[in-house]
Amino acid sequence: MDMMRKDSRKVKRTLYPTKTIMTRSQCLTSTSHFHRLPAEVFNMILDKVSVLELSVFSMVSKEISRCVMEYISTLAWRKKTITQNHSSCLEQGSTNGPFRNLGLLFKRCTLFLPAKDKLKFIFSQLSKIPCFMLEQCLVPNCSGFARCGVFLQTLTAQWDELECHRVFNFLWEHTNLLQKIETVIYAKPGTRWYQELQLRSFCRQVLLDPRQNQPSECQFWLIQLLKPWPIVSQARLLFILYGPLMPEGTLVWQDLVERGLSHGALWDLATSFLLLIGKREVKGWTSNSMLAILEELIVIPQPWHVENVARLLVLCGNTLCYTVLANKALNGRLAEISRLIVFIILVSEKDSYNMSNVVKLVIRICKIFSTSAEKTGFIQQLENMFSEITREFFEVCVAGNHLENREAFQSLCILLDSSARFHTKLILQVPM
């Protein structure tokens, strides 16, 4: 009997209470309320939910996230939501709201996925929308690229640089961007104008323009586009992306060679240079790199009209302008510097810039020369160049057509007016 009591006590000690508490993941298995619903009914519920609400709902759990991904992968949802939003935005002239919400939805519903699977899912959906892809949309002036840019900018907001590298590499392969860039940068300028404009629109509206308010992000994407190419091709690509456009929308190539363009025509190109030199710590990007790109740029397709070179330097700011001129001074290219300075004065007067900035620039260049004789020789070269260019404008006034007469006469008057003032300020301030 004593032995039986001991055995019964031993058995009682080994009994455990039944487990009644379940984790959230266990609740969303076979006992989940959503799991019990037929797929058709569940989709009917999701049909009643807005895109923004759906994005929040997708973060509840991995199971719900998977269900939402399956739901938004359907052709019916894509037609109802993305295509319909695109059409309504075209009618209303809106670009941001609906596609920012779509970016949030894809960002949140793929939250639990590894980076590679996340990108594969997102771009598999984007590729099914012709308006988001290069050379697939046949609608003239379609704003699909702009909407894709808002979507992508929202998707990658606050992602670290490594993740953005993955996005770029995935996009690079998925859109065959490498081959498309290669086709236009190695072709004769203007011969593939449609591909040039398609590439410009895609890169600007999808990758660059939506990030204008975040210069570091915009710089990252621009550098990724330029980095794979040699310097001469980087200059060509930069011109395709930011060069001036004709009224009908094609790129201005030959006019840069033949005549001076307006301040606004070169503004985007100058902005791209300011963007590239904005962060000196970027690996592989130095002042020498920028000078090399600039030197290649101003001879595409042939050496530019000097006024356009001067205007681009003025728009790029004093730092880059001085760096370019100082580099030429160190290499003994005094005639070239003098001609550029005269046109910088001309451009500054035309565009209402402060003449004192040009005087300060020339004073800084004078300090490069070590002896008084070298400084005097440089100023004498500058004075001779003023006379030479003034004579050139006068000859055009006498022999040119009506348009050339007017432009040359305006430039001649500006030079005659500014020459004395410039030399007075310069001589008073340059120490010999």
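In what follows, the structure referred to is the one given above.
Below or above, wherever it landed, is the structure these notes cover.

Take the overall build of the protein chain next. On a plain count of helices and strands, the protein chain comes out with 24 helices and 0 strands. Counting only residues that meet the buried cut, the protein chain has 44% of its 432 residues in that class. Counting only contacts in the protein chain whose residues sit at least 6 apart along the sequence, the fraction spanning at least 24 positions is 70%. When the accessible surface of the protein chain is totalled, it reaches about 22,900 Å², and 56% of it is carbon and sulfur.

With that settled, the discussion passes to the packing of aromatic side chains. For any pair of aromatic rings, the description rests on two quantities: the centre-to-centre distance and the angle between the ring planes. Enumeration over the complete set of coordinates arrives at 15 aromatic pairs. Measuring from ring centre to ring centre gives 6.2 Å for Trp 193 and Tyr 194, while their planes differ by 90°; the resulting arrangement is edge-to-face. With 5.3 Å between their ring centres and 85° between their planes, Phe 220 and Trp 221 make a pair best called edge-to-face. Judged by its relative accessible area of 11%, Phe 220 is buried. Given the relative accessible area of 1%, Trp 221 is considered buried. Here the aromatic cluster, defined as three or more aromatic residues joined through ring pairs, consists of Phe 168, Trp 172, Phe 220 and Trp 221. Sitting above the plane of the Tyr 322 ring, Arg 364 keeps its charged end 3.7 Å from the centroid.

Let's shift gears to the layout of surface pockets. Here the second largest pocket defines a volume of roughly 510 Å³. In terms of lining residues, the second largest pocket is bounded by 20 residues, among which Asn 141, Tyr 194, Leu 197, Gln 198 and Ser 201 are the most central. Sorting the residues of the lining of the second largest pocket by element identifies helix H10 (144–156) and helix H13 (193–208) as the ones contributing at least two each. For the lining of the second largest pocket, the leading source of residues is H13, giving 7 residues. Taken together, the residues of the lining of the second largest pocket break down into 11 nonpolar, 7 polar and 2 charged.

On to the packing of helix H20 (residues 318–330) against helix H22 (residues 355–366), then. Between H20 and H22, the least distance of the axes is 10 Å, while the angle of their chain directions is 35°. The interaxial crossing formed by H20 with H22 has right-handed handedness. Only Asn 357, Leu 361, Arg 364 and Ile 365 of H22 make contact with H20, whose side of the interface consists of Asn 318, Cys 321, Tyr 322, Leu 325 and Ala 329. Each residue belonging to the contact of H20 with H22 can be placed in one class, and the counts come to 6 nonpolar, 2 polar and 1 charged.

Right, let's talk about H22 for a bit. Counted at 1.5 Å a residue, the expected span for H22 with its 12 residues is 16 Å, and the 17 Å between its end C-alpha atoms agrees. Among all positions of H22, only Met 355, Val 358, Val 359, Leu 361, Val 362, Ile 363, Ile 365 and Cys 366 are buried.

By secondary structure assignment, the location of Ile 414 is in helix H24 (residues 402–429). Separated by 24 residues in the primary sequence, Ile 414 and Thr 390 place their C-alpha atoms 9.8 Å from one another. Contacts of Ile 414, omitting those with residues within four sequence positions, involve Leu 346, Glu 349 and Lys 350.

So, about the pattern of salt bridges. Taken as a whole and judged by the stated rule, the model has 13 salt bridges. With a shortest N-O distance of 3.0 Å, Arg 204 and Asp 209 are connected by a salt bridge. Overall, the relative accessible area of 11% leaves Arg 204 in the buried class. Where Asp 255 meets Arg 259, a salt bridge forms, and the shortest distance between an N and an O atom there is 3.1 Å. You can call Asp 255 buried: its relative accessible area is 19%. What makes Arg 259 partly exposed here is its relative accessible area of 37%. Through salt bridges with shared partners, one network takes in Glu 295, Lys 328, Arg 333 and Glu 336.

This brings us to the packing of H20 against helix H21 (residues 334–350). Between two packed helices, what matters for the description is the angle formed by their axes and the separation of those axes. As a packed pair, H20 and H21 sit with axes 9 Å apart at the nearest point and diverge in direction by 155°. Classified by the angle between their axes, H20 and H21 sit roughly antiparallel to one another. Of the residues in H21, those in contact with Cys 321, Leu 325, Lys 328 and Ala 329 of H20 are Glu 336, Ile 337, Leu 340, Ile 341 and Ile 344.

Now for the nonpolar core. Counting 131 residues, the largest nonpolar core has Ile 72, Leu 225, Trp 304, Ile 341 and Phe 422 as the members making the most contacts within it. Considering each element in turn, this core owes the most residues, 9 residues, to H21. Every residue in contact with Trp 304, bar those within four places of it in the chain, is listed here: Phe 239, Leu 256, Val 257, Leu 266, Leu 269, Leu 297, Ile 298, Val 299, Val 309 and Leu 312.

What counts, and at which threshold
Residues numbered from 1 in each chain as written. Predicted model: local features only at pLDDT ≥ 70, side-chain atom pairs only at ≥ 80, totals over all residues. Heavy atoms only, no water. Helix = DSSP H or I, 4+ residues; strand = E, 2+ residues; numbered from the N terminus. Buried < 20%, exposed > 50% of the residue type's maximum accessible area, 1.4 Å probe, protein only. Contact = heavy atoms within 4.5 Å. Areas by Shrake-Rupley, 256 points an atom, 1.4 Å probe, with all protein chains shown as cover. Phe/Tyr/Trp six-rings, centres within 6.5 Å; stacked < 30°, edge-to-face > 60°. Lys NZ or Arg CZ within 6 Å of the ring centre and 35° of its normal. 1 Å grid on protein atoms, 1.4 Å probe; cavity = no way out; pocket = protein on both sides within 12 Å on 5 of 7 lines; lining within 4 Å. Points joined across faces, edges and corners; volume = space filled by probe spheres on them. Nonpolar A, V, L, I, M, F, W, Y, C, P; charged D, E, K, R; others polar. Axes fitted to C-alpha atoms, helices over the stretch in contact; angles between N-to-C directions. Left-handed = near helix turned anticlockwise from the far one by under 90°. Expected span 1.5 Å × (residues − 1). Salt bridge = Lys/Arg side-chain N within 4 Å of Asp/Glu carboxyl O. Parallel < 35°, antiparallel > 145°, perpendicular 65-115°, else oblique. Core = buried A, V, L, I, M, F, W, Y, C linked by side-chain atoms within 4.5 Å.

Everything listed is a geometric property; what it means functionally is a separate question.
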